[in-house]
Amino acid sequence: SEVIAKYEVMERVGSGAYADVYRGRRLSDGLIVALKEIHDYQSAFREIHALQLLQGSPNVVVLHDYFYRDDDDAVLVLEFLRTDLATVISDAAKASQPLPAAELKRWMLQILSGVDACHRHMVLHRDLKPSNLLISEHGLLKIADFGQARILTEPGFDASNDNEEYSRVLDDTNNKDINIDIPGGNATCTASDIDREEEEEEQGKELGCFTSCVGTRWFRAPELLYGSRDYGLEVDLWSLGCIFAELLTLQPLFPGTADIDQLSRIIGVLGNLDESAWVGCSELPDYGIISFSKVENPAGLESCLPNRSPDEVALVKRLVCYDPAKRATAMELLHDKYFREEPLPVPVSELRVPL
Ligand code: ADP
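Owing to the predicted nature of the structure, the values given are computational and were not obtained by experimental measurement.

J.: Would you explain the overall build of the chain in this entry?
T.: Scanning the chain from N- to C-terminus turns up eleven helices and twelve strands. Here the chain displays about 16,500 Å² of accessible surface, and carbon together with sulfur accounts for 51% of that area.

Right, dumping it as structure tokens:
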């Protein structure tokens, strides 16, 4: 095939749900690249489409080339990046060495600039997490893995590429309420909801408008956990808040073990989701069927960020809040005074990159 003719395939460096990633060498000039072989047509299509829109943004992975093979697999030729933010965090955690504030700020600014680029192009990433933030040996951070991305099309934009995703209708006839006991509250959801999620996950299909089953659970926004189908860019901003908190503490903010546990952790910190926190939330599809007992004394985000400065806590609070409309945008945060105050962010070249 064309890939084989142009690239030498070397060792496998990673694999995910629908993809295998290999290190490769471009035969014409020896350039080291990542060859991402994607086995799912829809996620390949999404990734290529989103990356094409975002080329030229310094904090988004470079797509050099791509091929469709006869077996319907796609192969993306990406710039090779040696490590990721999850490794930066776990190395620091293992060494019990918090990341210096001046380094933290530079990582955050790079993430914000990448997310801002996505959102300016109306690309919703939907799976932001430390392991999808790749890092070059020079400390440049690049957003990667757009396999779950969606391009939000406004009236007047060409939405034809997205039509296939509107074609399946939810069969909601056999709702059977079940109760799930969790520490700190009772949650109820319907059996068909659970089936639906599993089905979506298995088939990678979409129901209604957007699927609510996207992203890695720990970074998933509350509106998604409550089944929203008309969510927006704000779901990425919630994930961003979870990532920033993890950079600050070297621990995941909400490490839920199941979707209900995910919500109960969030509620334990932020309090119950009700109309006083977010006007309109009671209209979320699963609001009535997932109910938690009243949390009298929510722990507050401060308690999740011990020993961090009020400015740092304030930054996380601007992202990790129930009402999507109240979350700060990436652009707003890029201009936040936090990044212009001492200690100033280090230059990219001074970031310590794991070997
Ligand atoms: P998936 O969509 O299946 O999660 P990813 O794009 O996250 O696929 O890639 C899976 C793994 O492959 C990543 O965790 C990473 O280790 C590796 N990888 C992906 N892209 C690159 C790249 N550009 N350079 C180096 N390694 C990469």
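More follows now that the structure is in view.
J.: I keep staring at the confidence of the model for the chain and nothing clicks. Help me out?
T.: In low-pLDDT segments, the atomic positions of the prediction should not be examined closely. Predicted confidence across the chain gives a mean pLDDT of 87, with 84% of residues reaching 70 or more. Across the whole predicted complex the pTM is 0.86, and at the interface the ipTM reaches 0.96.

J.: What's the story with the side chain of Asp73 in this structure? I'm lost.
T.: Mapping Asp73 onto the fold places it in the loop between β4 (63-68) and β5 (74-79). A polar side-chain atom of Asp73 sits 3.0 Å from a polar atom in the side chain of His39. Here Asp73 is in contact with Glu37, Ile38, His39, Phe67 and Tyr68, once residues within four sequence places are set aside.

J.: Sorry, what's going on with the packing of helix α7 (residues 234-249) against helix α10 (residues 310-319) here?
T.: For any two helices packed against each other, one specifies the crossing angle of their axes together with the interaxial distance. Where α7 meets α10, the axes come as close as 7 Å, and the angle between the chain directions of the two elements is 155°. Between α7 and α10, the crossing angle belongs to the class labelled roughly antiparallel. Where α7 crosses over α10, the two elements pack in a sense that is left-handed. Seen from α7, the contacting residues are Leu237, Trp238, Leu240, Gly241, Phe244, Ala245 and Leu248; seen from α10, they are Glu312, Leu315, Val316 and Leu319.

J.: Even after reading the chapter, I still don't get the sheet that holds strand β8 (residues 133-135), so can you show me in this structure?
T.: Read across the sheet, three strands follow the order β6-β8-β9 without closing on themselves; strand pairing throughout is antiparallel. Looking at strand neighbours, the two that pair on one side only are β6 (83-84) and β9 (141-143), the edges of this open sheet. Pairing geometry for β6 and β8, over two bridges, is antiparallel. In the sheet register, Thr83 faces β8, and the bridge partner there is Ile135.

J.: Quick question: what am I supposed to make of the pairing of β5 here?
T.: Regular strands have side chains that alternate between both faces of the sheet. Buried residues dominate β5, accounting for six of its six residues. Pairing analysis gives six bridges linking strand β3 (residues 32-38) to β5, with the strands arranged antiparallel. Within the sheet, the bridge partner assigned to Ile38 lies in β5 and is Ala74. Of the strand pairs in this sheet, β4 and β5 are connected by five bridges, and their pairing is antiparallel. Bridging from a neighbouring strand, Phe67 pairs with Val75 of β5. Hairpin connection of β4 to β5: five residues between the antiparallel strands, including Asp72 at a positive phi of 80°.

J.: What exactly am I supposed to notice about the pairing of β3 here?
T.: Counting buried residues along β3, six of its seven residues qualify, which places the element largely inside the surrounding structure. Looking at chain direction, strand β2 (residues 19-26) and β3 are connected through seven bridges and run antiparallel. Its bridge partner being in β3, Ala19 is matched across the sheet by Ile38. The turn linking β2 back onto β3 is made up of five residues, and Gly30 within it adopts a positive phi angle of 80°.

J.: I keep staring at unusual backbone geometry and nothing clicks. Help me out?
T.: Peptide bonds are mostly trans, and most non-glycine residues show a negative phi. Across the junction of Glu342 and Pro343, the peptide omega takes the value -10°, indicating a cis bond. As for its placement among the helices and strands, Pro343 is situated in the segment after α11 (330-334). Unlike most non-glycine residues, Asp72 shows phi in positive territory, near 80°. On the secondary structure map, Asp72 appears in the loop between β4 and β5. Of the residues examined, Asp72 reaches a relative accessible area of 52% and is grouped as exposed. Positive phi is not limited to glycine here, since Asn307 has a value of about 65°. As for its placement among the helices and strands, Asn307 is situated in the loop between α9 (301-304) and α10. Relative accessible area serves as the criterion here: at 80%, Asn307 is assigned to the exposed category.

J.: Explain the nonpolar core to me, please; I cannot follow it from the model alone.
T.: The nonpolar side chains of a soluble globular protein tend to be buried, and buried together. Counting residues in hydrophobic clusters, the biggest one holds 91 residues, and the most contacted among them are Leu85, Met108, Ile111, Phe146, Phe244 and Leu247. With ten residues, α7 is the single largest residue contributor to this core. The next biggest cluster of nonpolar side chains, apart from the first, holds seven residues, and it includes Val3, Phe67, Val75 and Val77.

J.: Is there a simple way to think about the site of the ligand in this case?
T.: In the vicinity of the ligand lie 15 residues, with Gly16, Lys36, Glu79, Leu81 and Asp145 positioned nearest. Leu81 places a main-chain nitrogen or oxygen 3.0 Å from a nitrogen atom of the ligand. Between the ligand and Asp145 there is a distance of 2.8 Å, counted from an oxygen atom to a side-chain nitrogen or oxygen. For the ligand, the accessible surface in isolation is 540 Å², of which the surrounding protein chains cover 81%. Among the elements of the structure, β1 (7-15), β2, β3 and β5 are those that each provide at least two residues to the shell around the ligand.

Reading guide: rules and limits
Residues numbered from 1 in each chain as written. Predicted model: local features only at pLDDT ≥ 70, side-chain atom pairs only at ≥ 80, totals over all residues. Heavy atoms only, no water. Helix = DSSP H or I, 4+ residues; strand = E, 2+ residues; numbered from the N terminus. Areas by Shrake-Rupley, 256 points an atom, 1.4 Å probe, with all protein chains shown as cover. pLDDT = per-residue confidence, 0-100. Polar contact = N/O pair within 3.5 Å; in protein donor to acceptor, adjacent residues only side chain to side chain. Contact = heavy atoms within 4.5 Å. Axes fitted to C-alpha atoms, helices over the stretch in contact; angles between N-to-C directions. Parallel < 35°, antiparallel > 145°, perpendicular 65-115°, else oblique. Left-handed = near helix turned anticlockwise from the far one by under 90°. Pairing = 2+ DSSP bridges. Buried < 20%, exposed > 50% of the residue type's maximum accessible area, 1.4 Å probe, protein only. Core = buried A, V, L, I, M, F, W, Y, C linked by side-chain atoms within 4.5 Å. Near = heavy atom within 4 Å.

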